[in-house]
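# An overview of the molecular structure
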Amino acid sequence: MAWYKVAKEGSMKDGDLFKANIEGREILLIRDGANYYATSCYCTHEDYDLSEGFMDDHTLICPNHFAVFNPKDGSVISPPEGSGDIDPLHSYKTKVENGQIMVELP
Ligand code: FES
């Protein structure tokens, strides 16, 4: 496991979603209030780019068919209507250090 700098603190507004490319891996950085979360970047339903999604009431929404995820741990709050279960997103630890938002990746 290693920590990577992904963005400067203050560069994201509340509710922003940012796709970061870390050594060829795309992750989604999420700001929710004072918290930062990191998940995999593509919806587990049909691979839609979640950086084009949005936050609503502390949940992450895929705009393609409206799957709802918990940004804290990547779990599925509700799958798209009419679909079966879908897999959770990967979830990664974050921290802020020396003004940098950092993500831990394996
Ligand atoms: S691709 Fe995300 S809900 Fe279908």
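Further up the page is the structure itself.
A brief structural summary. What you are looking at is a predicted structure, and each value in this text was computed from that prediction instead of being measured.

### Regarding the sheet that holds strand β4 (residues 35-40)
Taken in spatial order, the four strands line up as β2-β3-β4-β9 in an open sheet, and their pairing is antiparallel. Each edge of the sheet is formed by a strand with only one pairing partner; in this case those strands are β2 (17-22) and β9 (91-92). As paired elements, β4 and β9 share two bridges and run antiparallel to each other. Its bridge partner being in β9, A38 is matched across the sheet by Y92.

### Re unusual backbone geometry
Despite not being glycine, E23 has its phi angle at roughly 50°, a positive value. Relative to the assigned elements, E23 resides in the loop between β2 and β3 (25-32). Owing to a relative accessible area of 66%, E23 belongs among the exposed residues under this scheme.

### Concerning the pattern of salt bridges
Taken as a whole and assessed by the stated rule, the structure comprises two salt bridges. The closest approach of N and O atoms between K19 and D49, which form a salt bridge, is 2.7 Å. Of the two residues, K19 sits in strand β2 while D49 sits in the loop between β4 and β5 (54-56), which places them 30 residues apart along the sequence. For K19, a relative accessible area of 31% corresponds to the partly exposed category. Residue D49 is classed as buried on the basis of its relative accessible area of 13%. Linking K95 and E97 is a salt bridge whose minimum nitrogen-to-oxygen distance equals 3.2 Å.

### A closer look at the environment of E9
Relative to the helices and strands, E9 resides in the loop between β1 (2-8) and β2. Sequence separation between E9 and N64 is 55 residues; the distance between their C-alpha atoms is 29 Å. What E9 contacts, discounting residues up to four positions off in sequence, is Y36, V96, G99, Q100 and I101.

### Here we look at the side chain of D32
Looking at where D32 falls in the secondary structure, it is placed in strand β3. Although D32 is buried, it makes no salt bridge; K72 carries the closest opposite charge, 6.6 Å away. In terms of polar contacts, D32 uses its side chain to reach the side chain of H58, at 2.8 Å.

### With respect to the sheet that holds strand β11 (residues 100-105)
Reading across the sheet, the three strands line up as β1-β11-β10 and stay open at both edges, with antiparallel pairing between neighbours. Edge strands, defined here as strands with exactly one partner in the open sheet, are β1 and β10 (94-97). When the angles between neighbouring strand axes are averaged without regard to direction, this sheet yields 35°. Direction of pairing for β10 relative to β11: antiparallel, over a ladder of four bridges. Across the sheet, residue K95 finds its bridge partner in β11, namely M102.

### Let's talk about the pairing of β11
Counting buried residues in β11 gives six out of six residues, a clear majority hidden from the surface. Two elements, β1 and β11, share six bridges in a ladder whose sense is antiparallel. Along β11, the bridge assignment pairs K5 with M102. Count of turn residues in the β10/β11 antiparallel hairpin: two residues, of which N98 carries a positive phi of about 50°.

What counts, and where the lines are drawn
Residues numbered from 1 in each chain as written. Predicted model: local features only at pLDDT ≥ 70, side-chain atom pairs only at ≥ 80, totals over all residues. Heavy atoms only, no water. Pairing = 2+ DSSP bridges. Helix = DSSP H or I, 4+ residues; strand = E, 2+ residues; numbered from the N terminus. Buried < 20%, exposed > 50% of the residue type's maximum accessible area, 1.4 Å probe, protein only. Salt bridge = Lys/Arg side-chain N within 4 Å of Asp/Glu carboxyl O. Contact = heavy atoms within 4.5 Å. Lys, Arg positive; Asp, Glu negative; His and termini not counted. Polar contact = N/O pair within 3.5 Å; in protein donor to acceptor, adjacent residues only side chain to side chain. Axes fitted to C-alpha atoms, helices over the stretch in contact; angles between N-to-C directions.

That's the geometry; what it means functionally is another story.
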